[in-house]
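Okay, here's what each chain looks like letter by letter:
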Amino acid sequence: METLIPTINRLQEVVLTVGAEVIQLPQIVVVGCQSSGKSSVLESLVGRDFLPRGSGIVTRRPLVLQLINVAPLQERLKIESGNGVKQSPRSSFPGVKAEEWGTFLHCKNQIFTDFQEIRREIEAETERSSGDNKGISSEPIYLKIFSPKVLSLSLVDLPGITKVPVGDQPEDIETQVQEMILSFISNPNSLILAVSPANSDLATSDALKLAREVDPDGRRTLLVVSKLDLMDAGTDALEVLLGRVIPIRLGIIGVVNRSQHDINTQKTLEDSMKDEHAFLQRHYPSLASRAGSRYLAKTLSRLLMHHIRDCLPDLKTRVTVLSAQYQTQLNSYGQPVEDHSATLLQIVTKFASDYCNTIEGTARYIQTSELCGGARICYIFHETFGRTLQSIDPLGGLTELDILTAIRNATGPRPALFVPEVSFELLVKRQMKRLEEPSLRCVELVHEELQRIIQHCSSFSTQELLRFPKLHDSIVEVVTGLLRKRLPITNEMVHNLVAIELAYINTKHPDFTDAGQVSASVNSQQAETLDGGKRWKNEKAGDEKAPAAGFGSPSRGQAINLLDTAVPASRKLSTREQRDCEVIQRLIKCYFLIVRKSIQDSVPKTVMHFLVNFVKEHLQSELVGQLYKLPLLQELLIESQDTAQQRTEVAQMLEALKKANNIISEIRETHLW
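Being a predicted model, the structure only gives us computed values, none of them experimental. (Residues numbered from 1 in each chain as written. Predicted model: local features only at pLDDT ≥ 70, side-chain atom pairs only at ≥ 80, totals over all residues. Heavy atoms only, no water.)

Quick look at the overall build of the chain
Helix and strand counts for the chain stand at 21 helices and eight strands. For the chain, contacts bridging at least 24 residues in sequence account for 80% of all contacts bridging at least 6. (Helix = DSSP H or I, 4+ residues; strand = E, 2+ residues; numbered from the N terminus. Contact = heavy atoms within 4.5 Å.)

Quick word on the sheet that holds strand β8 (residues 252-254)
Pairing between the strands of a sheet is mediated by backbone hydrogen bonds and can be parallel or antiparallel. Read across the open sheet, the eight strands follow the order β3-β4-β2-β5-β1-β6-β7-β8; overall the sheet is mixed. Edge strands, defined here as strands with exactly one partner in the open sheet, are β3 (101-104) and β8. The average undirected angle you get between the axes of adjacent strands in this sheet is 25°. The pairing of strand β6 (residues 190-197) with strand β7 (residues 221-226) spans six bridges and is parallel. Bridging across to β7, Ala194 finds its partner in Leu223. Here helix α2 (residues 38-46) sits on the sheet and contacts β1 (27-32), β2 (63-69), β4 (141-147), β5 (153-157), β6 and β7; the angle it forms with β5, its principal contact strand, is near 160°. This element, helix α6 (residues 206-214), spans β1, β6 and β7 of the sheet and lies at about 155° to β6. (Pairing = 2+ DSSP bridges. Axes fitted to C-alpha atoms, helices over the stretch in contact; angles between N-to-C directions.)

A word on the pairing of β5
Burial within β5 is extensive, with five of its five residues counted as buried. With burial as the criterion, each face of β5 is covered, one bearing Leu153, Leu155 and Asp157 and the other bearing Ser154 and Val156. Relative to β5, β2 runs antiparallel, the two sharing five bridges. Bridging across to β5, Val64 finds its partner in Val156. (Buried < 20%, exposed > 50% of the residue type's maximum accessible area, 1.4 Å probe, protein only.)

Topic: the packing of helix α5 (residues 173-185) against α6
The interhelical angle for the contact between α5 and α6, taken along N-to-C directions, is 50°, at an axis separation of 10 Å. With respect to α6, the axis of α5 lies oblique. Here the hand of the crossing between α5 and α6 comes out right-handed. Counting all contacts with α5, which are made through Gln178, Ile181, Leu182 and Ile185, the residues of α6 involved are Leu210, Ala211, Glu213 and Val214. Of the residues contributing to the contact of α5 with α6, the split by class is six nonpolar, one polar and one charged. (Parallel < 35°, antiparallel > 145°, perpendicular 65-115°, else oblique. Left-handed = near helix turned anticlockwise from the far one by under 90°. Nonpolar A, V, L, I, M, F, W, Y, C, P; charged D, E, K, R; others polar.)

Considering the packing of aromatic side chains
This model, assessed by the stated rule, comprises seven aromatic pairs. Ring plane angle 90° and centroid distance 5.3 Å describe the contact between Phe104 and Phe112, whose orientation is recorded as edge-to-face. Judged on exposure class, the residue Phe104 and its partner Phe112 are both buried. A centroid spacing of 6.3 Å and a plane angle of 85° characterise the contact between Phe424 and Tyr591, whose relative ring orientation is edge-to-face. One end of the pair, Phe424, is in helix α14 (residues 421-432); the other, Tyr591, is in helix α19 (residues 575-627), and 167 residues separate them in sequence. (Phe/Tyr/Trp six-rings, centres within 6.5 Å; stacked < 30°, edge-to-face > 60°.)

Digging into unusual backbone geometry
In this structure, Lys227 is a non-glycine residue whose phi angle is positive, near 60°. Inspection of the secondary structure puts Lys227 in the loop between β7 and α7 (238-241).

Overview of the side chain of Glu449
Following the sequence through the fold, Glu449 ends up in helix α15 (residues 436-461). Overall, Glu449 belongs to the buried group, its relative accessible area being 3%. Not counting the four nearest positions on each side in its chain, Glu449 is found in contact with Cys372, Gly373, Arg376 and Ile377.

Notes on the side chain of Thr606
Along the polypeptide, Thr606 turns up in helix α19. A polar contact of 2.8 Å, which involves the side chain of Thr606, links it to the backbone oxygen of Ser602. Apart from the residues lying within four places of it in its own chain, the contact partners of Thr606 are Thr490, Met493, Val494, Leu497 and Leu611. (Polar contact = N/O pair within 3.5 Å; in protein donor to acceptor, adjacent residues only side chain to side chain.)

Considering α5
For α5, with 13 residues, the first-to-last C-alpha span of 18 Å sits near the 18 Å given by 1.5 Å per residue. Those residues of α5 not exposed but buried are Ile173, Val177, Met180, Ile181, Phe184 and Ile185. On an axial view of α5, the arc spanned by its buried residues comes to 125°, and they lie on one face. On its buried face, α5 sits against β1, β5, β6 and α6. (Expected span 1.5 Å × (residues − 1). Arc of directions from axis to C-beta.)

Topic: the nonpolar core
Membership of the largest hydrophobic core comes to 67 residues, with the highest contact counts inside it found for Tyr355 and Leu450. Sorting the residues of this core by element identifies α11 (340-360), α12 (374-390), α13 (400-411), α14, α15, α16 (469-503), α19 and α20 (630-636) as the ones contributing at least two each. What Leu450 contacts, discounting residues up to four positions off in sequence, is Tyr355, Ile359, Ile377, Leu483, Leu611 and Val612. (Core = buried A, V, L, I, M, F, W, Y, C linked by side-chain atoms within 4.5 Å.)

From the geometry alone we can't say anything about function, so treat these as descriptive.
Now the structure itself:
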């Protein structure tokens, strides 16, 4: 059990690196109003005058005080001289030739053997941070005192609770002090030492009020009633000390502080403790053995050891969990670059591999919120592009007037006996050109997705790439440039696919079955046309005598464009015209579906070959060729300042946690009981 408090003192040094908010250690926090006697109580525990004195607020910064029990000077000298005395931790202080001494964290390797110098250093350090006119600061001062007369303890002395600002203190000084106190006593692993003077009403104690806010059950609160000798004549604090006024679970201990006259006359603490014991024997004989500064020191040491024992399992678990978390975080930052060439090749290869794996669907980091990579390219081919082609009407934008006009233009000045083939080719090519725009849009969508994969790989797959902003930007630029070069080539090939279909209308295509049926139908109608030629000619002559608005002869002095002339609403097509339109429409629809099917199959293949697969095959070689240049290596592999700083901080944190874990592991289970 005796090793627990020294262990916490060692952990306290580790916490300075990790942060008190990360690991909350067991410690005793001293709370009280201004001039309640807190400083006198602490000095009685140490047995020396070392705290600043004066009127008004004196303690203006938290003082983290570690009391460390050491062997007397003579014993330590014998051990150093090698007289065979067994060495122990409390006697292992080579080079220190003083009975008692102190050290500050901010004064490295400096030992203070004069306690007046310790007081002056506390005052000077307070003024450096808080100013010289009563300002306060939440930055702690860390002080260790080594003495054979003290019991090992870890305490925190806080500024006294004040109500009215003085000097350059802000108007909300009361709120600031209370928030500072609450930040320390809200630590569930801390013990609260509430100091309240005996000559004031305990029910109005601000120290107890703050303690109750964070410790309503009183499991962590110990009350010290100071200034027992300053109570009014005829009164005593017996009821308070017995817990009959306000019960305190950990107990109530009364002490007698040195008066200002004793301080001015430099009365020693040893004499003060003798006078305190005599006072308690006279006025509180039944409680004399359970009151006084010596009993307070023993009680605090006992309570702290038991409290440490209770907190240690959770503390060890907390340190272990934090170590694992910071180790994972440190691994994500990677190691500092030593071999620039190898590092660059490794990152480039990893990026290229992740890029290709994202397209293939074998990446380690797969999104679940949306399609990406190869899955989205597949969606573009078969859903977006496929549905767009299916939605195109083979006869969309093609009116009967367009068909009739094309037939007449194809026959020239001669009236047509049969449907001219030229009109069919003219009209079907016009419809086939409508397939080019969605095909080029398909290429554009795939190109955009290939660019999105760059950011996907940078954000999810290649964490190490984020360490080097310039390398990241260069890789993005190279890949973007490669895609930009392949885009016009792919567009040209897709354009050629449509141009190839337009170059030759294959009316002998195996799937063009309507052509034969239409030919047979035309042959059967030929005889009927010859037999009724005269009737047809009369009909034709009648049409010419009474031309329609859309097909009549132009009036003199007027130029009429047949393509722009609309058919009147009352115009009814003749039987022959209706038949010719139906023949052309049927042929166009049949052949358009053949071409659409071919384009729907050929465009994805073209995009995959000329864009997607080409980028996959040449990505790594392109990156290496563009980036693996000696003049660029140093520049590209410069880490961001944030990454380097975060790695250093996390490494320090992890090292401190490992030390803390080792310190805790030194305590065997048998030491806890």
